[in-house]
Structure formats: C-alpha cells, structure tokens
Amino acid sequence: MFAKRFFSLDPYVPGEQPKDRPYVKLNANENPYPPSPAVRKAIASFDAAELRLYPDPDANGLRDAIAEMLGGGVTRDMLFVGNGSDEILSFVFFALFDSSLPLCFPEHTYSFYPVYAGYYGIPVRKIPLASDFSIDFGRYLEGESSGIIFPNPNAPTGIYEEPSRIRALLSRYPGDRAVVVDEAYIDFGGESVIPLLAEFPNLVIVRTFSKSFCFAGARLGFVIANPPVIQALFTTKNSFNHFPVDALTQKIGIASCRDPGYYGSINGEIARTRDLFARELGAAGWQVLPSRANFVFARLPGVPGRDVYEAIKRKGVLVRHFDKDGIRDFVRISIGTAEQMGDLLGIMKGDLLK
Ligand SMILES: *Cc1c(COP(=O)(O)O)cnc(C)c1O
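Each value, and the rule that gives it
Numbers given to residues run from 1 along each chain, matching the order in which its sequence is written. Owing to the predicted nature of the model, reporting of local features is limited to residues with pLDDT of at least 70; listing and counting of side-chain atom pairs is limited to 80 or more, with chain, interface and lining totals taken over all residues. Note that the side-chain values use all heavy atoms of the structure and ignore hydrogens as well as water. As used here, the term nonpolar core means buried Ala, Val, Leu, Ile, Met, Phe, Trp, Tyr and Cys residues forming a set that is joined through side-chain atoms within 4.5 Å. Classification of residues uses two cut-offs on accessible area relative to the type maximum, computed with a 1.4 Å probe and protein chains only: under 20% is buried, over 50% is exposed, and between them is partly exposed. An automatic or database domain assignment supplies the start and end points of every domain. Residue contacts are counted whenever heavy atoms from the two residues lie within 4.5 Å of one another. A helix here means a DSSP run of H or I that spans at least four residues, while a strand means a run of E at least two residues long, and both kinds are numbered starting from the N terminus. For this analysis, a salt bridge means a side-chain nitrogen from Lys or Arg found within 4 Å of a carboxyl oxygen belonging to Asp or Glu. When DSSP finds at least two bridges between two strands, those strands are taken to pair. To define axes, lines are fitted to C-alpha atoms, for helices over the stretch in contact only, and angles between the resulting N-to-C directions are given on a 0 to 180 degree scale. If a single non-hydrogen atom of a residue is within 4 Å of a molecule or strand, that residue counts as near it. Between N or O atoms, a polar contact is any pair within 3.5 Å; within protein, one atom must be a potential hydrogen donor and the other a potential acceptor, and residues adjacent in sequence are included only when both atoms are from side chains. Roughly parallel here means an angle under 35 degrees, roughly antiparallel means over 145, roughly perpendicular means 65 to 115, and every remaining angle is called oblique. What makes a crossing left-handed is the near helix being turned counterclockwise from the far one by less than a right angle; a clockwise turn instead makes it right-handed. When residue character is reported, Ala, Val, Leu, Ile, Met, Phe, Trp, Tyr, Cys and Pro are called nonpolar, Asp, Glu, Lys and Arg charged, and the others, Gly included, polar.

**Observations concerning the nonpolar core**
- Counting 55 residues, the largest nonpolar core has Phe150 and Leu203 as its most contacted members.
- Taken together, domain 1 (4-34 + 261-349) and domain 2 (37-259) each give at least three residues to this core, which thus spans both.
- Aside from chain neighbours lying at most four places away, what touches Phe150 is Pro106, Tyr113, Ile135, Phe137, Ile166, Leu169, Val179, Val180, Val181 and Asp182.
- Ranked by size, the runner-up nonpolar core spans 32 residues in total, among them Phe277, Val296, Ala298 and Leu300.

Structure (structure tokens):
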C-alpha cells in the first residue's frame, strides 16, 4: 500500500515537548517574548468572514511590507514568502540544487539540510568545521559542487561569520551555482549579506519570522534574492501549493513589519542576556562558544553533554543535546528572559551533577 520512495524518508527530529511536568523550554530557540502589540491588535480586528476567501497567492501586501522594513534597495520582486523557512528551504533545494554534484554544507549545522537533500536525492558533502568551530570556507572551493548552504550565525554553534568572509567565498565560487545563506538568527546581532546581492546573482538569503519575530506558531519565512531566483521559487511553489501563507498570517506579518522598534528592543534584550549568561557561565568553568544567535553552545569540560542535559532537565529546564561525534560534549541553550537565564545559571553553577 505504500510507495517505494516512502521507505527512503529520514525525517527531521524536532526538540522534544514532554508533558510529564511543566518545563522552562530553552530547547527550540523560540523567542521568550510575545509578538508586537500591533500583532495582537491585527488578530483582534481580523474578520473571520475573510477566511471564506483564498489568500493572495503572491502575498503582495506582505512582500511590500517586508521590503519597506528591510530598506537597502530590496524590492518586492526580490522577495518570496512561504509557510515557514522550512518550506522555503524545500523549494530552494528543489529549484537550485542538482542531483549530479554534491551540495556542500557544514558537518555540524541545521539538521533539516540533510533531510531535504535525502528527500530530493541530492548528494551531499559535509565539510568539517575548523578547530574553533567556525566555518572552514576554503574547503568549500575544493572539488566540484552543485551549491553551498549554511546558516549565519551557524546552528547549533551560534558562531557568526563576517560578511567579508562570505564575500570572499562568493568571489571564488562559480557564479552559476547557488550559495544559500540561512539568516534565521541574523537579528540577534549579526550583519546581513543583503548588500552582496547587487554583486552576486547566485546569492540566496533565507529568513524566518519564527525566532526574531516571535512567530514559531504562525509559520512565516521569506527569501531575499535577485528576481530570477524569486521567479524560480514562485514556479516551484505554484507546482506544489498555490497558497502557502494563509490570510491571517499575511495580515499579522504585515503588522510585525510595521513595528521594527519593538523587535529591535526585545532582540537587543535577548542579545544582552545572552552575553551576560555566556560570560557568567564561562567564569564558572564552562566552555561557551562565541554566539551571535539567540542560543549558546556550551560544555562543562570532563562531563558528557548527555549528563549535563539530563541534570538540567531534572531541574525542570529543557535544553538540547545532539548525540553526534564532535559535538556530543555540548548542550545548546536557547536564550530566554533575563529571569529564566538567571535561574538556569544558578542551576548550572550549582551542584548540577550530584
Ligand atoms: C529554526 C530554523 C529554521 C526554520 O525556521 P521555520 O521558519 O520555523 O521553519 C531554518 N533554518 C535554521 C538555521 C533554523 O535554526
């Protein structure tokens, strides 16, 4: 009864959501703050009768609002929106990466990349991180590949790469193959590579509302690229699902874009909380990788990451552990409110393993 291709699926495993007791959830990089009050207002004023009608398949109002928020010469024809950046990544993989040559990405990175590569039959080359866990860009130029994808900052390390390093990669990589920069965490203190779009038609930037816009439950992501790439993504979308972004999400997405001050303020607060948390944890003997994301990647030398994760969970806080060679000693901790991080610091500095 099942198709043969079904048995080759290797699905993504999200952060756990156990229900045995209330937990402080610091395992999925969700934003601890609610969306802008403008979003609450937009929901309250939404007329349920509007749900009768299909939404705008091109989401023109939302794309205009994103363009206005981004500024810097980004226009509507440089934007594509989708049902979360995960769906967008699926379209990007389908439209841009061939199955004749391997796709390059970091050995330790967002674990949906290998899932989509498997789904579309795209061979992969996983490139080890440098010894300081940064991305080893030189190695992406060795041998032939059909494209490159990496997040900036990278996940789960949190390490940020300067646009000048990405520019150096682009200037040496074949201009007819896509380089996709997944900027899921760029609003927590990094600088976007948007200015490089004018120079490199093969650069594709993926963003999500899930983290910095407090929208993980609403599902909204977007792509910033040159118009031919955007047109290819529209063709892909229209061959799969004509209406990926529903009417309510388009409306609250627009409301979010019109209140950048609010998001600048909460995400600035998250960045300050992160830096303080990392400093204090470091002072207590933990190794903490330098992060510009809304999470930190940390290890207590001599203690397996699994044990750290279990001990923190026993105290009622969920963090994420990746049981993979090279990062097994670490746990990834999402940054919550200052109060949550103060409590966690107390736990991590205390008799954690007793
Ligand atoms: C969270 C995350 C995404 C997925 O975001 P959604 O819009 O919620 O699908 C994409 N890329 C990276 C690197 C992420 O961490």
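**So, the environment of His108**
- Secondary-structure assignment places His108 in the loop between strand E3 (103-106) and helix H4 (112-120).
- Dropping the residues within four chain positions of it, His108 is found in contact with Leu129, Asn154, Ala155, Pro156, Lys324, Asp325, Gly326 and Ile327.

**Some points on the side chain of Glu183**
- Mapped onto the elements of the fold, Glu183 is located in the loop between strand E6 (178-182) and strand E7 (203-208).
- For Glu183, the contacting residues outside a window of four places in its chain are Asn152, Glu191, Ser192, Val193, Ile205, Val206 and Arg207.

**Let's talk about the pattern of salt bridges**
- Enumeration according to the criterion identifies 14 salt bridges in this entry.
- Arg167 is paired through a salt bridge with Glu199; the nearest N and O atoms lie 2.2 Å apart. Note that Arg167 is positioned in helix H5 (residues 163-172) and Glu199 in the loop between E6 and E7, a separation of 32 residues in sequence.
- A relative accessible area of 34% places Arg167 in the partly exposed class.
- Residue Glu280 is joined to Lys349 by a salt bridge in which the shortest nitrogen-to-oxygen separation is 3.5 Å.

**Here we look at the sheet that holds E7**
- With mixed pairing, the seven strands of this open sheet are ordered in space as E2-E8-E7-E6-E5-E3-E4. Because the sheet does not close on itself, it has two edges, and the strands there are strand E2 (79-82) and strand E4 (124-127). Ignoring which end each strand starts from, the neighbouring axes of this sheet average 20° apart.
- Here E2 pairs with strand E8 (residues 221-225) via four bridges, running antiparallel.

**Concerning the site of the ligand**
- As a structural note, the neighbourhood of the ligand is formed by Gly84, Ser85, Asp86, Tyr110, Pro151, Asp182, Ala184, Tyr185, Thr208, Ser210, Lys211 and Arg219.
- Interatomic distance of 2.5 Å between a side-chain N/O atom of Tyr185 and an oxygen atom of the ligand.
- Between Ser210 and the ligand, the recorded distance is 2.6 Å, taken from a side-chain N or O atom to an oxygen atom.
- Broken down by element, the shell around the ligand gets its largest block of residues, three residues, from helix H3 (residues 84-96).

**What to know about the sheet that holds strand E10 (residues 295-299)**
- Strands sit in the order E9-E10-E12 across an open sheet of three strands; the sheet is antiparallel. The sheet terminates laterally at strand E9 (287-288) and strand E12 (331-334), the two strands that pair on one side only.
- Note: E9 against E10, two bridges, orientation antiparallel. Looking at the pairing, Gln287 lines up with Arg299 of E10.

**Notes on the environment of Ser334**
- Residue placement: Ser334 occurs in strand E12.
- Placed 37 residues apart in sequence, Ser334 and Phe297 show a C-alpha to C-alpha distance of 8.9 Å.
- Apart from residues lying up to four places away in sequence, Ser334 is in contact with Leu26, Asn27, Ala28, Asn29, Asn294, Phe295 and Met341.

**Thoughts on helix H7 (residues 247-257)**
- Along H7, nine of the eleven residues are buried, which leaves the element largely enclosed by surrounding structure.
- If you check which residues of H7 are buried, you get Ala247, Thr249, Gln250, Ile252, Gly253, Ile254, Ala255, Ser256 and Cys257.
- Where H7 is buried, its residues contact helix H1 (37-44), helix H2 (60-70) and helix H8 (260-283).
- A distance of 3.1 Å separates the backbone nitrogen of Leu248 from a side-chain oxygen at the start of H7, and that oxygen is part of Asp246.

**Some thoughts on the pairing of strand E5 (residues 147-151)**
- With five of five residues buried, E5 is to be regarded as a mostly interior element.
- Bridging between E3 and E5 involves two bridges; their strand directions are parallel. Bridge pairing in E5 links Cys104 to Ile148.
- As defined by bridge partners, E5 adjoins E6 across five bridges and the pair is classed as parallel. Residue pairing for E6: Phe150 is matched across the bridge by Val181.

**Observations regarding the packing of H3 against H4**
- Two elements in contact, H3 and H4, have axes separated by 10 Å at closest approach and are oriented at 45°. Regarding the angle of H3 to H4, the classification is oblique. Like other packed secondary-structure pairs, H3 and H4 cross with a definite hand, here right-handed. In this structure, H3 contributes Asp86, Glu87, Leu89, Ser90, Phe93 and Phe94 to the contact, and H4 contributes Phe112, Tyr113, Tyr116, Ala117 and Tyr120.
- Taken together, the residues of the contact of H3 with H4 sort by class into eight nonpolar, one polar and two charged.

In short, shape yes, function no, at least from these values alone.
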